[in-house]
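# Close look at the chain arrangement
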Amino acid sequence: MYGKAFAPEYQGALTTLSVNSSLTDVLAAGTEQLRAAERAGEPGEAARSGLAVAEAHRRLGRVEEADRAWKASYRAARQAGDVAAMAWALWSGGTLARQRGAFPLARRLLQLAADLGERGGDIVVRGYSLAGLAETGRIQGDYEAVGRLHEQLLAEARRRGEARHTVWALEGIAQMHRNTGDYDTAYELFEEAAGIAAGADDRRGHAWALRGLADVVSVRDGDTERALELLTEAERTCRAMRLSSALAYNHKMRGNVLYRAGRYAQARELYEQALAEFREMSEPRGEALSRLGLAKSLARLGRDHSETAAELADLAGTLERIGLRHAHAMVARAYEELGIPADPRATEAAL
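All residue numbers here refer to positions counted from 1 along the written sequence of the relevant chain. Local features in this predicted model are restricted to residues whose pLDDT is 70 or higher, and side-chain atom pairs enter the listing and the counts only when it is 80 or higher, whereas totals over whole chains, interfaces and linings include all residues. With hydrogens and water excluded, all non-hydrogen atoms of the structure serve as input to the side-chain values.

## Some remarks on the packing of helix α7 (residues 143-160) against helix α8 (residues 163-179)
Condition: Interaxial angles span 0 to 180 degrees and are taken between N-to-C directions of axes, which are lines fitted to C-alpha atoms, for helices over the stretch in contact. Strands here are runs of E lasting at least two residues and helices are runs of H or I lasting at least four, both read from the DSSP assignment and numbered beginning at the N terminus. Here the angle decides the label: under 35 degrees means roughly parallel, over 145 means roughly antiparallel, 65 to 115 means roughly perpendicular, and every other value means oblique. For any helix crossing, the convention is left-handed if the near helix is rotated counterclockwise from the far helix by under a right angle, and right-handed if that rotation is clockwise. Contact definition: two residues touch when any of their heavy atoms are within 4.5 Å.
For the pair α7 and α8, interaxial distance at closest approach is 8 Å and the crossing angle is 150 degrees. Overall, the two elements α7 and α8 adopt an arrangement that is roughly antiparallel. Taken as a pair, α7 and α8 cross one another with a handedness that is left-handed. Residues Y143, V146, G147, H150, E151, L153, L154, A157 and R158 of α7 touch α8, and the partners they reach there are H165, T166, W168, A169, L170, G172, I173, M176 and N179.

The structure is reproduced here in structure tokens:
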């Protein structure tokens, strides 16, 4: 039903790269081809090679380089009059904006990318851009608005036999079910995503699916060791492919699993590691969520309640500024879980 996963963001002379190519290899090949295209005065090829460079930098957590690269790719595409290539560059820029926590900018760029993709007759970039809009809304907690879009994109991906997009949609829908407490449905969807990704040789998608399964196995079943085994398997892929962001989220999830098991000292170490990784790549959402886990772990290890309350109050404001609509509930649960009287500043910040 599904063919092998492919990476449509690797274009022109770089189509020989696969979805599983290491990001350092992608960056090296993309940079070489970009320079050759610039020397030859070929803006269209420069735009396509620049897209791969931008995506490699983004996934390696090098946000400044990624920002320069996608903008250069857009300028080259515009010079070449290639509307579809312009759309791909905007998709990359919108994805980077979401990664940096700039959700309004992400929405604008991704909507422009979808519109240009339709105008340029490239259904793939249009689909990727709509998927980016759906993911942005999901991350912000706007499930009602983007749930139907996820289901629509899943149906389209299944119909076309696109393994990579099917896996993405399944994982997004699974995450929404997990976050609303429907753990059984979430598990089934993550499991299906993992199976499709494995069959299509989509190692990145498989790693994210394993992370989702680990989360459900931990929170629903209390099976700490199985969850850690799944995360270890996913981590091997993240390291092999140099997936910096996915690796940091893997470490944060490992912290979550250990925290739920009452292994607070180990959880603290993982949250500290993830926090440093997110800060290095300027990823504010992951940084804030790691800070929340770290604050809870330190509280369990005897930190003064007033210090924890102050940290939670500050986090409430940070999460709200990032644009996470469920921030208030997350912080409120932390106060309740730790038996700490809510700081009025947290309530005010989250309103």
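More follows now that the structure is in view.
## Side note on the confidence of the model for the protein
Just so we agree on the cut-off: For every residue, the predictor states its confidence as a pLDDT score lying anywhere from 0 to 100.
The pLDDT averaged across the protein works out to 92; a share of 97% of its residues lies at or above 70. Here residues 345-351 is a poorly scored stretch, pLDDT under 50, and it has 13 contacts once near neighbours within four places are set aside; other chains count.

## Regarding helix α9 (residues 183-199)
Heads up, the condition is: The span you would expect from a helix comes to 1.5 Å times its residue count less one.
Here α9 is 17 residues long and its end C-alpha atoms lie 24 Å apart, about the 24 Å a rise of 1.5 Å per residue gives. Against the buried residues of α9 lie α8 and α10 (203-221). The positive-phi residue at the C-terminal boundary of α9 is D201, with phi of around 60 degrees.

## Re the nonpolar core
Threshold: To form a nonpolar core, buried Ala, Val, Leu, Ile, Met, Phe, Trp, Tyr and Cys residues must be joined to one another through side-chain atoms within 4.5 Å. Buried residues are those whose accessible area, probed at 1.4 Å on protein chains only, stays under 20% of the maximum for their type, while exposed residues exceed 50% and partly exposed ones sit between those limits.
Within the largest apolar cluster, 111 residues are counted, with the highest numbers of intra-cluster contacts made by Y10, W91, L153, L312, L319 and Y335. In terms of residue count, the dominant contributor to this core is α8 (8 residues). In contact with W91, not counting residues within four places along its chain, are E9, L51, E55, R59, L110, A113, V125, Y128 and S129.

## Examining the packing of aromatic side chains
Condition: Put simply, two rings from Phe, Tyr or Trp (the six-membered ring, in Trp's case) pair if the centres are within 6.5 Å, and we call them stacked under 30 degrees between planes, edge-to-face over 60, tilted for the rest.
Counted according to the given criterion, the structure contains 6 aromatic pairs. With centroids separated by 5.3 Å and ring planes inclined at 85 degrees, the aromatic side chains of W88 and W91 adopt a geometry described as edge-to-face. Here W88 and its partner W91 are both found in helix α4 (residues 83-99), 3 residues apart, which amounts to about one turn of the helix. Under the relative-accessibility criterion, W91 is labelled buried at 6%.

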